[in-house]
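Below, each chain spelled out in residue letters.
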Amino acid sequence: MPKVNGASLLRGLIGTAGLLVVLEAAGRLGAWDTERLPLVSTVLLRAGELLADPEFLVSARSSLTTWAFALALTIAIAVPAGLLLGMVRPAEVAVRPLIEFLRPIPSVALIPLVILMFSETTHMRITVAVYAALWPVLVNTIYGVRDVDPLAKETLRSFGFGPASVAYRVVLPGAAPFIATGIRLAASVAIVLVVTSELIAGGIEGVGVYITIAASGNRLDLMIGATILVGLFGILVNAVLVAGENRLFRWHRARTEGVT
Amino acid sequence: MLELVDLGHNYGSYRAIDRVNLKVAQGEVVCIVGPSGCGKSTLLRSIAGLIKPTGGTVLLDGKPVDGSPENLAVVFQDYSRSLYPWMSALANVSLPLRRRGLDKKKREAAAMNALDQVGLSGAAAKYPWEMSGGMQQRVSIARALAYQPKLLLMDEPFGSVDAQTREELEDLTLRVCAHHGMTILLITHDVDESVYVGDRVVVLSKAPGTVVGDLPVQLPGPRDQIHTRELEAFVRLRAEVGRLVRGITPYRNTHGYGVETR
Ligand SMILES: Nc1ncnc2c1ncn2[C@@H]1O[C@H](COP(=O)(O)OP(=O)(O)OP(=O)(O)O)[C@@H](O)[C@H]1O
Ligand SMILES: [Mg+2]
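So, how was this worked out
Residues numbered from 1 in each chain as written. Chains lettered and ligands numbered in written order. Predicted model: local features only at pLDDT ≥ 70, side-chain atom pairs only at ≥ 80, totals over all residues. Heavy atoms only, no water. Helix = DSSP H or I, 4+ residues; strand = E, 2+ residues; numbered from the N terminus. Buried < 20%, exposed > 50% of the residue type's maximum accessible area, 1.4 Å probe, protein only. Areas by Shrake-Rupley, 256 points an atom, 1.4 Å probe, with all protein chains shown as cover. Lys, Arg positive; Asp, Glu negative; His and termini not counted. Charge placed at Lys NZ, Arg CZ, Asp CG, Glu CD. Rg over C-alpha atoms; globule rule 2.2 N^0.38 Å. Contact = heavy atoms within 4.5 Å. Donors = N, O, S within 2.8 Å, 3.2 Å for Na, K, Ca; no water. Expected span 1.5 Å × (residues − 1). Buried area = accessible area lost by both parts, 1.4 Å probe. Salt bridge = Lys/Arg side-chain N within 4 Å of Asp/Glu carboxyl O. Polar contact = N/O pair within 3.5 Å; in protein donor to acceptor, adjacent residues only side chain to side chain. Core = buried A, V, L, I, M, F, W, Y, C linked by side-chain atoms within 4.5 Å. Domains from an automatic or database assignment. Pairing = 2+ DSSP bridges. Axes fitted to C-alpha atoms, helices over the stretch in contact; angles between N-to-C directions. pLDDT = per-residue confidence, 0-100. Near = heavy atom within 4 Å. Nonpolar A, V, L, I, M, F, W, Y, C, P; charged D, E, K, R; others polar.

Novice: An account of the overall build of chain A is needed here, citing residue identities and associated values.
Specialist: Each helix and strand counted, chain A has 11 helices and zero strands in total. Ordering the α and β elements of chain A from the N terminus gives α-α-α-α-α-α-α-α-α-α-α. Projecting the C-alpha coordinates of chain A onto the three principal axes gives extents of approximately 75 × 50 × 30 Å. Taking all 260 residues of chain A together, 42% fall into the buried category. Here chain A has roughly 13,700 Å² of accessible surface; of this, 70% comes from carbon and sulfur atoms. Distance between charge centroids for chain A: 11 Å, based on 20 positive and 17 negative side chains.

Set out below in structure tokens:
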């Protein structure tokens, strides 16, 4: 599990701020036509303003909802499937080739097909995002289930617990740190695909749609501002999930790193 | 209550145990000693229904064992791997008590009591990875004792504690089991321990393990760590078990046991 400490966070912030200052100075000194490509300060200002812009907020809420649904659906499909495939060897053997075939197919390449399949744009976006986000959760869950100590399972069996209890009380909690990592990766992937499908397939609402409209109006400041907000949201989600993992799975870190 | 008939097990082509025959009566404490790698853990796993032996049968109360029997608890040799790192010591000990149909309060009270008996009442909230090896081992003993099984299987349960704690745990186990009428099968490397704890000592040969000695321990009870170990009968029996474990044929002369021969 990645661990962020105060010092490295500070250094990252200083680095980012330094780069922004250099870009701002270059823009002001006439390194490019700031009518076309706006200054850093302008973009950051726009990004701040967007957070209070009702039109953008409608789009943001739409994207957020799509993303949340996609992630929930991903978890609801991939975790049970991963538990099953991880525990039942023959099932995994049977399905493995299919997984290896489907996994490398870029989700974006499926967008034209999915557009034809769904009349509702939200359903289309969710499908595309779920398709991409499914794999990290599925693969991590299978791996996590495999990693559960056989003796931990045997212990519960020896006390007379049945397979369902063993799955629920040992396999699930034992695999949980891996599943959580998969979900964290899936959360980022889903953000990318929700916005991408909005950009490619269009629609009425969505941050991707907002960006497209800003582009057609030649508003690079709004485009980049909105893009920055998407990026910041990704960082925020990741940080929250990492913090959650560190809190919940202290036992796992202690075991794998030998420290508390 | 427990009967092994011609029990044998192969790992692939490797024969781990061979034709083990053993009968254990209700309430008896039977110690199994044997050299490392002779198949003691394999024997215990077969009884617990965790592996399906490739030959012979395990009978519990006259019925063949299929899967894990009811009312059985195991203290595993790898105690640290058999504890759940995501649970506190208390939660680890109370988990199996769900099988007893107790509510949460009763489970925790029973678990707390067991932890107290093994001297860990202060560490109930600790996680296994915050504990020393000896403490973890005591948690796994507490878990088995709290469960109050009819048959308790213990695989070298006192290996990681200091000598004095070990003696205390031996006495505790005997006391608790006698109180609840449990039957115990205890595996140990320690010849002294087998004679002190057991009503009977069963000796397994080098691999593939098979029974080469089955000695009743007739010592005046109740056992006491100092006095019992001083008794002439104890010393003699210990020597006899020691010879059997080392594969030295006991040699009886007119003075009893003594001269070692090959
Ligand atoms: N799962 C397994 N697969 C293959 N071989 C095994 C397996 N488990 C044990 N063995 C082998 O079977 C033999 C007996 O093992 P077992 O663990 O029963 O011995 P033991 O008497 O308990 O030894 P120790 O006193 O060191 O604990 C050993 O030679 C071991 O290598
Ligand atoms: Mg062993």
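Novice: Can you lay out the overall build of chain B for me, pointing to particular residues and giving the numbers?
Specialist: The number of helices and strands found in chain B is nine helices and 12 strands. Its C-alpha atoms give chain B a radius of gyration of 19 Å, within 12% of the compact-globule value 18 Å for 262 residues. Projected onto its principal axes, the C-alpha positions of chain B cover 60 × 45 × 30 Å. Burial status across chain B gives 52% buried among its 262 residues. When contacts within chain B are restricted to residue pairs at least 6 apart in sequence, those whose partners lie at least 24 apart make up 65%. Here chain B displays about 11,700 Å² of accessible surface, and carbon together with sulfur accounts for 49% of that area. The centroid of the 31 positive side-chain charges in chain B is displaced by 5 Å from the centroid of its 29 negative side-chain charges.

Novice: Tell me about the coordination of the magnesium ion (ligand 2), and name the residues and values.
Specialist: Residues and elements named next belong to chain B. Coordination sphere of the magnesium ion (ligand 2), protein contribution only: S41 (OG) and Q77 (OE1), at 2.0 to 2.2 Å. Taken together, the residues S41 in helix α1 (residues 40–47) and Q77 in the loop between β6 (72–75) and α2 (79–82) connect sequence positions 36 residues apart. Overall, S41 belongs to the partly exposed group, its relative accessible area being 24%.

Novice: Before we move on, can you summarise helix α10 (residues 220–248) of chain A with the specific residues and values?
Specialist: Between its terminal C-alpha atoms α10(A) stretches 42 Å, which fits the 42 Å expected from 29 residues at 1.5 Å a residue. For α10(A), the full list of buried residues reads A:D221, A:L222, A:G225, A:A226, A:L229, A:G234, A:V237, A:V242, A:E245 and A:N246.

Novice: Could you give an account of the interface of chain B and chain A, with specific residues and numbers?
Specialist: When the parts of a complex come together, some accessible area is lost, and that lost area is often used as the size of the interface. Taken together, the contact between chain B and chain A spans 23 residues of the former and 20 residues of the latter. Counting each side, the surface lost to burial between chain B and chain A is near 2,200 Å², with a carbon and sulfur contribution of 65%. It is B:R81, B:W86 and B:W129 in chain B that bury the most area against chain A; as a group they hold 31% of the surface buried on that side. Inspection of the chain B/chain A interface yields two salt bridges. Salt-bridge contacts for A:E154 lead to B:R45; the nearest nitrogen and oxygen are separated by 2.0 Å. Along the contact surface separating chain B from chain A lie five residue pairs in polar contact (both at pLDDT 80 or more). Put simply, the parts of the chain that give the side of chain B that touches chain A at least two residues each are β6, α2 and α5 (133–147) of chain B.

Novice: Can you lay out the nonpolar core for me, pointing to particular residues and giving the numbers?
Specialist: One broad rule of soluble globular proteins: the nonpolar side chains tend to lie buried together. Residues and elements named next belong to chain B. If you look at the biggest cluster of nonpolar residues, it comprises 104 residues, and the most contacted ones within it are L115, L152 and V241. The residues that make up this core include at least three from each of domain 1 (1–69 + 150–224) and domain 2 (72–148). Discounting chain neighbours no more than four positions away, the residues touching V241 are V33, V191, S194, V195, V201, V203 and L215. Ranked by size, the runner-up nonpolar core spans 28 residues in total, among them L2, A48, L153 and L185.

Novice: How would you explain the side chain of A:E92 if you had to name every residue and give the values?
Specialist: Residue and element names in this part refer to chain A. On the secondary structure map, E92 appears in helix α4 (residues 89–102). According to the relative accessible area criterion, E92 is buried, its value standing at 7%. At 2.5 Å, the side chain of E92 and the side chain of R96 are in polar contact. Apart from the residues lying within four places of it in its own chain, the contact partners of E92 are L85, I142 and R146.

Novice: Run through the sheet that holds strand β1 (residues 2–11) of chain B, naming residues and quoting values.
Specialist: Strand pairing in a sheet relies on backbone hydrogen bonds. The paired strands run either parallel or antiparallel. Residue and element names in this part refer to chain B. Spatial ordering of the open sheet is given by β2-β1-β4-β5, a layout of four strands whose pairing is antiparallel. Among the strands making up the open sheet, the edge pair consists of β2 (14–24) and β5 (63–64). As paired elements, strand β4 (residues 55–60) and β5 share two bridges and run antiparallel to each other. The residue of β5 that forms the bridge with L59 is P64. Sheet contacts for α1: β1, β2 and β4; angle to β1, the most-contacted strand, approximately 120 degrees.

Novice: Hey, could you go over the side chain of B:N92 for me, with residue numbers and the actual values?
Specialist: Residues and elements named next belong to chain B. Considering the arrangement of structural elements, one finds N92 in helix α3 (residues 89–94). Residue classification places N92 among the buried positions, given a relative accessible area of 1%. Within polar-contact distance, the side chain of N92 engages the backbone nitrogen of Y84 at 2.8 Å. At 3.1 Å, the side chain of N92 forms a polar contact with the backbone oxygen of M87. The contacts of N92, once residues within four sequence positions are left out, are L83, Y84, M87, P128, V139 and R143.

Novice: An account of the confidence of the model for chain B is requested, with residue identities and associated values reported.
Specialist: Residues and elements named next belong to chain B. Here chain B shows a mean pLDDT of 88. Residues at 70 or above account for 95%. Per-element mean pLDDT across chain B ranges from 42 in strand β12 (residues 256–257) up to 96 in α3. Of the two predicted TM-score estimates for the complex, the pTM is 0.86 and the ipTM is 0.86.

Novice: So, the site of ligand 1: which residues are in play, and what are the values?
Specialist: All names here are of chain B. Around ligand 1, the surrounding shell holds 13 residues, and the nearest of these are S36, K40, S41, T42 and Q77. In this structure, an oxygen atom belonging to ligand 1 sits 2.8 Å away from a side-chain N or O atom of Q77. Here an oxygen atom of ligand 1 and a side-chain polar atom of H189 are 3.4 Å apart. Burial of ligand 1 by the surrounding chains reaches 60%, relative to a free accessible area of 640 Å². A per-element tally of the shell around ligand 1 places α1 first, with three residues. Considered class by class, the residues forming the shell around ligand 1 number four nonpolar, seven polar and two charged.

Novice: I'd like a rundown of the confidence of the model for chain A, residues and numbers included.
Specialist: Model confidence for chain A is summarised by a mean pLDDT of 91, while 97% of its residues fall at 70 or above. Within chain A, the element-level pLDDT minimum falls on helix α11 (residues 250–257) of chain A, averaging 79, and the maximum on helix α3 (residues 54–87) of chain A, averaging 96.

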